[in-house]
Each structure stands twice: as structure tokens, then as C-alpha cells.
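Survey of secondary and tertiary structure
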Amino acid sequence: MAVLKQKPDLRPVAKQFAIGGDFEEARSYGTGHINDTYAATFNRADGAVRYILQRINHHVFKNPAAVMQNIERVTAHVRRKLEAAGAGQIDRRVLTLVPTRAGRAWHEDADGNTWRCYLFIEGATTYDQIGTTRQASEAARAFGEFQKLLADLPAPRLHDTIPDFHHTRRRFDALRAAIETDTCNRAADVKREIRFCLQREPMVDVLLNLRAQGALAERVTHNDTKLNNVMLDDATGEGICVIDLDTVMPGLALDDFGDMCRSACRPTLEDVRDLSKVEARMDMFEALVGGYLASAGEFLNTAEKEHLAFSARLITFEIGVRFLTDYLEGDRYFKTRRPGHNADRTRVQFKMVESFEQHEDDMNRILKAARG
Ligand code: ADP
Ligand code: GN1
Ligand code: MG
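These figures come from a predicted structure and were not determined experimentally.

The environment of ligand 1 is made up of 20 residues, and the closest members are Asn35, Gln54, Ile121, Thr126 and Asp244. Backbone polar atom of Ile121 to a nitrogen atom of ligand 1: 2.9 Å apart, as the coordinates give it. Contacts to ligand 1 include Asn229, whose side-chain N or O atom sits 3.0 Å from an oxygen atom. Elements with a minimum of two residues in the shell around ligand 1: strand S3 (47-55) and strand S5 (114-119).

Okay, here's the thing in C-alpha cells:
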């Protein structure tokens, strides 16, 4: 299930979409853990043009039609707002779905797979690892802007494409169940990691309780704001387009900010085995806070602003818990590229949690200074 699959024949899939020119090739593209992504090249009289073809992972997204309906609404709304604001290069600032020849937003193949096609955003890059503070601030500004643009999305409520996606208590309980059943006999390999988790149980309900009390607002959020889900313009460095919209649904602003910190404060890849360089970089945290507050500061409430540092710790912990659960369950959810891959990812997340804990005072100081 989560292992890498053979590349399918993309020509008949590409033919389904309303694309002019001759199909030349399609290559596997990107480093996402969930969907199968391909860059497809078409030759036209005026040169080669690329598109993104994606097969939605229906083990993860049980209702692909709901995912696509959300994406249609979200991209149309953002596009309208950008047009109203007179923005330039709109096709590079919001994902554009290419319809099928039958005029639909997605294609279902004979095996029941759901495919979609996007215009390829050229001249921009996604990064698996943070390089500069400018990248951090631009990524955070773009994710904050995305939340702001969606704040007035008209009813109805978006579909929950993965129910309880950021319900940390449910994630924690799922881990506990996986430890108890230990179906793959792997718990003994990750004893330290399990202890690390169990010690931190008090953390898991904090945001859920604040939400239940009404202190944290439900908003339209992205829910998967890792650094490589935002494209940065190659020429200007600007955070030009937020991508990977499958999990855009009602959620907490803090879930998004926390995941930005998890992925962009860390100066290494997400799965390194050598943990010596894994740390929460405070210059990156400061840049994330600056970028995020520049776009989201005007709508965040007091409780949200007061828990920005906590969210970094919590969401990093939550995603570590998910990697550990998947390791114990036999790597069924995240794509893995080597034995022990999910355990390696877990260790990196937990080293980051520890580092955020150690830097708590620094983070609060940075936040205080940013809020003036
Ligand atoms: P996953 O859900 O598997 O993470 P993504 O939607 O994030 O899939 O796509 C994987 C990668 O493909 C991205 O990190 C990005 O590098 C690239 N990508 C996705 N959409 C586009 C696009 N419209 N234009 C250019 N590159 C894209
Ligand atoms: C997955 O799809 P991708 O690779 O951008 C996952 C996120 C995790 C992330 C960890 C739908 O994101 O929730 O935080 O891996 N997406 C889904 O790197 O589960
Ligand atoms: Mg992605």
C-alpha cells in the first residue's frame, strides 16, 4: 500500500484532459508522501508545455470526489479574490485545474483511480529543507495569506476530507492501540520513542480543550503546511503559490503554524539518520513568526497568538506520533523508501520536539518582540 508503485502508462490518462499538443512523456515528480505525482510534457507549435498529473491516494482520501469538490471551491474563491485585487500572474498564484475533455474537474479510470491535472507552475520551486530566513518568512507569509483569502469562503462548510486529521488525542490513542497490538513485532525497536511519547501525553489535549471552550476559532485552514507545499518564485524568492490542497478544510490556524515550524525550523531533511544537526533554528522561527503575522496577524485572536510557540511543539509531536504509529502498523500510510524509514522520521520529529522544549524561553521572547 504505502510502498512505491510502478509507474503506470500516463499517455491514456493525459489524453483524458483538455490539453492541446502531443504528449511526449510523464515523469514521477516531487517528494510528497501521499499522492502519485507526475510532470507531463506536451509539444506544441510554440514549444513544450508541462502539466502536473496526480493520482489521488484513495487509501488516505476515502472520498476523492469530496477532495475535488473542496479544491474546486477553494481555487475558484482564491482566484476571484486575486482578480478583484488586481493581482498579476494569477495562474502562478493559485492552482488551476485543467478540466477533462468531458468538462469535469477530475477523471476516474477503469481501475477506480481518481486523476486530476493542474497547470504546471514554472519558474518556482518547492524545498524539502530550509535554506534561508527569507524562504521561511515567505513560506509563512504565503500560508497566512492563503488562510486570509479563505476567511470569507461562502457556505456550506467544506468537506472533512480526513476526519479528525489534527485531533491530537485521537492520534495519540491510535498510537497506544498500535503499541498494545504490536502486530509487526516492532515495538521493541522503538522503546525509547514510545517512552518519549507517553511522557508527553499532557500536551495532547491543550488545543482541543481551547477549541471546545470556543477560545480557538474554527477557520478554513490548509492542514498540511510543510515547507514543500508552497512554491517560492525562483526570480524573486516570493512565496508565490500554496499547493497540495487535499486537506484544506475546517481546522485551527495553529495547526498550520505548527506544521510550518516543524518543517521550516529544521535545517535538515525530515528523515535524516544522523540527528546531530537536527535542531529548532531560532532564526528560522523568528522569520516564520514575522512572515505569518504579516499576513495573518490581523485576524488571529489572542488565544491563537498566545499559543504559536506551543503549536510548534504540539504539531511536531503529533506528526512524530503518526510516523511512529505507521512504523508499528507496518508502513501502511506514508510512502517509505527504505526499511525503518518511518522510525527515522519519528526520531527527527522527536529531536525537534526536544529542541523546541529547550528553546521555549527564546520562542516566547521572539513572539513578544514581534507583537510589540
Ligand atoms: P503530495 O500530496 O503527495 O505531497 P503535492 O500536491 O504536494 O503531492 O505534489 C508533490 C510535489 O509536486 C510538490 O511538492 C511540488 O514540488 C510539485 N507540484 C505539485 N503541484 C505543482 C504545480 N502545479 N506546479 C509545479 N509543481 C507542482
Ligand atoms: C504528508 O502529502 P505530503 O507529503 O505533503 C501528510 C502530512 C504530514 C506529512 C509529513 C494527507 O504530507 O499530514 O504532515 O506527510 N499528508 C497527509 O511529512 O497525511
Ligand atoms: Mg505535498
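Once you've had a look at it, read on.
Counted by the stated rule, this structure contains 0 disulfides. Distance from the sulfur of Cys241, which forms no disulfide, to the nearest cysteine sulfur (Cys117) is 15 Å. The class for Cys241 is buried, based on a relative accessible area of 0%. In this structure Cys261 is a free cysteine whose sulfur lies 4.7 Å from that of Cys265, the closest cysteine sulfur available. A residue is classified by how much of its surface remains accessible, and Cys261, at 0% relative accessible area, is buried.

As a further point, take the coordination of the magnesium ion (ligand 3). In the first shell of the magnesium ion (ligand 3), the protein supplies Asn229 (OD1) and Asp244 (OD), at 2.2 Å from the metal. Taken together, the positions of Asn229 in the loop between strand S7 (219-221) and strand S8 (230-233) and Asp244 in the loop between strand S9 (239-242) and strand S10 (249-251) put the pair 15 residues apart, joining distant regions of the chain.

On to unusual backbone geometry, then. Cis peptide bonds are those with omega within 30 degrees of zero, and the linkage from Ala155 to Pro156 qualifies with 0°. Its location among the elements puts Pro156 in the loop between helix H4 (133-149) and helix H5 (168-181). We note that Asp164 has phi near 55°; this positive angle belongs to a residue other than glycine. Turning to its location among the elements, Asp164 is positioned in the loop between H4 and H5. Under the relative-accessibility criterion, Asp164 is labelled partly exposed at 37%.

A few words now on the layout of surface pockets. It is a probe the size of a water molecule, rolled over the atoms, that shows where empty space is left. Approximately 520 Å³ is the volume found for the second largest pocket. Contributing elements (two or more residues each) for the lining of the second largest pocket: H5 and helix H11 (308-328). The element contributing the most residues to the lining of the second largest pocket is H11, with 4 residues. Residues that form the lining of the second largest pocket fall into these classes: 8 nonpolar, 3 polar and 8 charged.

What follows concerns the environment of Asp109. Within the element layout of this structure, Asp109 appears in the loop between strand S4 (107-108) and S5. We classify Asp109 as buried; its relative accessible area is 18%. Considered as a pair, Asp109 and Thr316 are 207 residues apart in the sequence and their alpha carbons are 36 Å apart. A polar side-chain atom of Asp109 sits 2.9 Å from the main-chain amide nitrogen of Asp111.

Once that is clear, we can look at the domain arrangement of the protein. For the protein, the assigned domains read domain 1 (11-122) and domain 2 (133-371). If you average the C-alpha positions of domain 1 and of domain 2, the two centres end up 26 Å apart. Linking domain 1 with domain 2 are 5 salt bridges. The closest approach of N and O atoms between Glu238 and Arg93, which form a salt bridge, is 2.8 Å. Where domain 1 meets domain 2, there are 18 residue pairs in polar contact (both at pLDDT 80 or more). Sorting the residues of the side of domain 1 that touches domain 2 by element identifies helix H2 (64-84) and helix H3 (90-93) as the ones contributing at least two each. For the side of domain 1 that touches domain 2, the element with the highest residue contribution is H2, accounting for 12 residues. Taken together, the residues of the side of domain 1 that touches domain 2 sort by class into 12 nonpolar, 8 polar and 6 charged.

Rules of the game
- Residues numbered from 1 in each chain as written.
- Chains lettered and ligands numbered in written order.
- Predicted model: local features only at pLDDT ≥ 70, side-chain atom pairs only at ≥ 80, totals over all residues.
- Heavy atoms only, no water.
- Near = heavy atom within 4 Å.
- Polar contact = N/O pair within 3.5 Å; in protein donor to acceptor, adjacent residues only side chain to side chain.
- Helix = DSSP H or I, 4+ residues; strand = E, 2+ residues; numbered from the N terminus.
- Disulfide = S-S within 2.5 Å.
- Buried < 20%, exposed > 50% of the residue type's maximum accessible area, 1.4 Å probe, protein only.
- Donors = N, O, S within 2.8 Å, 3.2 Å for Na, K, Ca; no water.
- 1 Å grid on protein atoms, 1.4 Å probe; cavity = no way out; pocket = protein on both sides within 12 Å on 5 of 7 lines; lining within 4 Å.
- Points joined across faces, edges and corners; volume = space filled by probe spheres on them.
- Nonpolar A, V, L, I, M, F, W, Y, C, P; charged D, E, K, R; others polar.
- Domains from an automatic or database assignment.
- Salt bridge = Lys/Arg side-chain N within 4 Å of Asp/Glu carboxyl O.

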